[in-house]
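So you can see what is in the structure, the chains are spelled out below.
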Amino acid sequence: MNASASSDTNFRQVELDKFGALASRWWDADGPQKALHALNPARLDYVSQRCPLPGTAVLDVGCGGGLLSEALAGAGARVTAIDLSPELLRVARLHKLESQLEIDYREQSVESLAEDMPAAFDAVTCMEMLEHVPDPGAIIAACASLLKPGGRLFLSTLNRTPAAFALAIVGAEYVTRLLPKGTHHYQDFIRPSELAAWLRESGLQLEDVSGLAYEPWRNAARIVSRTDVNYLACAVRPE
């Protein structure tokens, strides 16, 4: 990983284009983001159990079309949401008009926002994004600087294991076609030990790592102890 990646280089245009092409169906619960819709309640529950959301200033990094952003706002948080895809932000802003939720959507990198608003947020979420950028450690460092002392960072990503390759790539993209082919690249998956090292380097204390299991037979997800495929992590910025 390139630890010196700047906000101008810490993204892959092919990744932005890939997800931007899905923008028009982002809020279709039976569309290409079906699994993401299923994961969302479990992700929100994980955050809300560790951070009281009503009135809390929350930043959603890599917000996409706004699934988690709207869930956080619906739970009472004051949400700022950022992404680098104009197509996805356009969809997010349009859907906000329907939901009538207050969300500040910005086309801005997390590194740039960290320069503008250091220590501004009680919580930062960065879900299903780290495995899509060249330098995940730089993303985590920027997220850390955006947190107030005592604030929490919530992350989710995929573990680099044979089980994750079998389920998240072979199973989800090629067998069941739950996800578009090419959504994930195995070499970019992140082991919890690697994530923990980046958190320590950024001055954060890891509080929890939990598995996130998607159950296609009921199209829903739940928090589990196994972390060999999808997992969530919570870290705190010391007071």
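Report follows, based on the coordinates. (Residues numbered from 1 in each chain as written. Predicted model: local features only at pLDDT ≥ 70, side-chain atom pairs only at ≥ 80, totals over all residues. Heavy atoms only, no water.)

1. Observations regarding the environment of Gly 55
Move 1: Within the element layout of this structure, Gly 55 appears in the loop between helix H2 (34-50) and strand S1 (57-61).
Move 2: Assessed through its relative accessible area of 45%, Gly 55 is described here as partly exposed.
Move 3: The sequence separation of Gly 55 and Arg 78 amounts to 23 residues, and the corresponding C-alpha distance is 6.0 Å.
Move 4: Setting aside residues no more than four positions away along its own chain, Gly 55 makes contact with Gly 76, Ala 77 and Arg 78. (Helix = DSSP H or I, 4+ residues; strand = E, 2+ residues; numbered from the N terminus. Buried < 20%, exposed > 50% of the residue type's maximum accessible area, 1.4 Å probe, protein only. Contact = heavy atoms within 4.5 Å.)

2. A look at the packing of aromatic side chains
Move 1: Enumeration according to the criterion identifies one aromatic pair in this entry.
Move 2: Here Tyr 46 and Phe 154 contribute two aromatic rings whose centre-to-centre distance is 6.1 Å and whose plane-to-plane angle is 85°, an arrangement assigned as edge-to-face. Of this pair, Tyr 46 sits in helix H2 while Phe 154 sits in strand S5 (residues 147-158), and the two are 108 residues apart along the sequence.
Move 3: Arg 50 extends its terminal NZ or CZ atom over the ring of Tyr 46, reaching a point 3.8 Å from the ring centre. (Phe/Tyr/Trp six-rings, centres within 6.5 Å; stacked < 30°, edge-to-face > 60°. Lys NZ or Arg CZ within 6 Å of the ring centre and 35° of its normal.)

3. Section: the sheet that holds strand S4 (residues 121-127)
Move 1: Read from one edge of the open sheet, eight strands run S3-S2-S1-S4-S5-S8-S6-S7, paired in mixed fashion. Edge positions in the sheet fall to strand S3 (103-107) and strand S7 (220-224), since each of these pairs with one other strand and no more. Direction aside, the axes of adjacent strands within the sheet are offset by 20° on average.
Move 2: One ladder, built from five bridges, connects strand S6 (residues 205-215) with S7; its direction is antiparallel. Following the sheet pairing, Leu 212 is matched in S7 by Ile 223.
Move 3: Its contacts with the sheet put helix H3 (residues 67-74) on S1, strand S2 (78-83), S3 and S4, and the angle it makes with S3 is roughly 155°.
Move 4: Relative to strand S8 (residues 230-236), helix H8 (residues 192-201) is tilted by about 20°, and along the sheet it contacts S5, S6 and S8. (Pairing = 2+ DSSP bridges. Axes fitted to C-alpha atoms, helices over the stretch in contact; angles between N-to-C directions.)

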